[in-house]
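One-letter residues, chain by chain:
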Amino acid sequence: IEWGTDFHTGYKNLPLKTYEMMKWCSENKEYDYLVKCDDTIVWRNDLANEFIYENVNIFIHNEDYCGIKSRRFSYDGFYVDWYKDKGLGDLDKSLSEIATGDFYDGKCYVVSKEFSSFIGKQRGIAKMFSEKMSIEDVMVSFIYREMYSE
């Protein structure tokens, strides 16, 4: 599956879309690192300058997972309101408590081939996140922190 600029997925399915993309890339492409970057970053000069050109150092690393902007996810007013504002309903408190932690903003992060291949084997986790907490960048950090890095 290759996605072009005409492919759009709402937030609800982003964890599954990310899983499918990582799985497909790791099985069909040769690379050392995979850059996951929102199309808005590439097409809008103001965002491209802020997120890519000023942060080129993230592409020169030896880590399995890194990104431009680190954030902290927790079940708090900001994310509860953000989730509702995106039309996703109520944020699942039980999964939110398990997934609490630092993550790299989904606008742009980088994963190694090994880690992207690992994500591509986590369909159950991706399905659970799509159903209960549709925040794909938090899912990626959860998989890294809780299942991969140790």
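Residues numbered from 1 in each chain as written. Predicted model: local features only at pLDDT ≥ 70, side-chain atom pairs only at ≥ 80, totals over all residues. Heavy atoms only, no water.

> Mind showing me how you'd approach the overall build of the protein here?
Of regular secondary structure, the protein possesses eight helices and five strands. Each helix and strand of the protein, placed in order from N terminus to C terminus, yields the pattern α-β-α-α-β-β-α-α-β-β-α-α-α. When each of the 150 residues of the protein is scored for burial, the buried share is 43%. Of the contacts formed within the protein by residues at least 6 apart in sequence, a portion of 77% connects residues at least 24 apart. Counting only carbon and sulfur atoms, one obtains 47% of the accessible surface of the protein, whose full area is about 8500 Å². (Helix = DSSP H or I, 4+ residues; strand = E, 2+ residues; numbered from the N terminus. Buried < 20%, exposed > 50% of the residue type's maximum accessible area, 1.4 Å probe, protein only. Contact = heavy atoms within 4.5 Å. Areas by Shrake-Rupley, 256 points an atom, 1.4 Å probe, with all protein chains shown as cover.)

> Mind showing me how you'd approach the nonpolar core here?
One broad rule of soluble globular proteins: the nonpolar side chains tend to lie buried together. Residues F73, L91, F115, F129, M133 and V138 are the most contacted members of the largest nonpolar core, which totals 32 residues. Of all the secondary-structure elements, those providing two or more residues to this core are α1 (14-28), α4 (77-85), α5 (93-99), β5 (108-112), α6 (113-119), α7 (123-132) and α8 (136-148). Per element, the largest residue contribution to this core is six residues, and it comes from α8. Those residues in contact with F73 that sit more than four places away from it in its chain are Y79, L91, S96, A99, T100, G101, F103, M133, I135 and V138. (Core = buried A, V, L, I, M, F, W, Y, C linked by side-chain atoms within 4.5 Å.)

> Can you help me understand the environment of N13 in this one?
Mapped onto the elements, N13 comes out in the segment before α1. Given a relative accessible area of 41%, N13 falls into the partly exposed group. For the pair N13 and E131, spaced 118 residues apart in sequence, the C-alpha separation works out to 8.3 Å.

> Help me out: how do you make sense of the side chain of S96 in this one?
Relative to the assigned elements, S96 resides in helix α5. By relative accessible area, S96 is classed as buried at 0%. Residues in contact with S96, not counting those within four places in the same chain, are F73, Y75, L91 and M133.

> Can you help me understand the packing of α1 against α7 in this one?
The relative placement of two packed helices is expressed as an angle between their axes plus a distance between the axes. Running from N to C, α1 and α7 point in directions that differ by 155°, and their axes come no closer than 7 Å. Between α1 and α7, the angle falls in the class roughly antiparallel. Contact residues: P15, L16 and Y19 in α1; R123, A126, K127, F129 and S130 in α7. Classifying every residue of the contact of α1 with α7 gives five nonpolar, one polar and two charged. (Axes fitted to C-alpha atoms, helices over the stretch in contact; angles between N-to-C directions. Parallel < 35°, antiparallel > 145°, perpendicular 65-115°, else oblique. Nonpolar A, V, L, I, M, F, W, Y, C, P; charged D, E, K, R; others polar.)

> It is not clear to me how the pairing of β5 should be interpreted in this structure. Could you clarify?
Two faces belong to every sheet, and in a regular strand the side chains alternate between them. With respect to burial, β5 is a largely interior element, five of its five residues being buried. The alternating pattern of β5 places C108, V110 and S112 and Y109 and V111 on opposite faces, both of which are buried. Both strand β1 (residues 33-37) and β5 contribute to a ladder of five bridges, which runs antiparallel. Residue Y33 lies in a different strand from β5, and its bridge partner there is S112. Bridge count for strand β2 (residues 65-67) against β5 is three bridges, and the pairing is antiparallel. Counted as the bridge partner of Y65 is V111 from β5. (Pairing = 2+ DSSP bridges.)

> I keep staring at the pattern of salt bridges and nothing clicks. Help me out?
Two side chains that carry opposite charge are able to pair once their charged atoms sit near each other. Applying the stated criterion across every chain yields a total of seven salt bridges. Across the pair K84 and D90 runs a salt bridge whose closest N-O atoms are separated by 3.5 Å. Here E131 and K127 are joined by a salt bridge, their closest N and O atoms 3.9 Å apart. Placement of both E131 and K127 in helix α7 is noted, with a separation of four residues, approximately one turn of the helix. Relative accessible area serves as the criterion here: at 42%, K127 is assigned to the partly exposed category. (Salt bridge = Lys/Arg side-chain N within 4 Å of Asp/Glu carboxyl O.)

Note that all results are geometric; they support no functional claim without further evidence.
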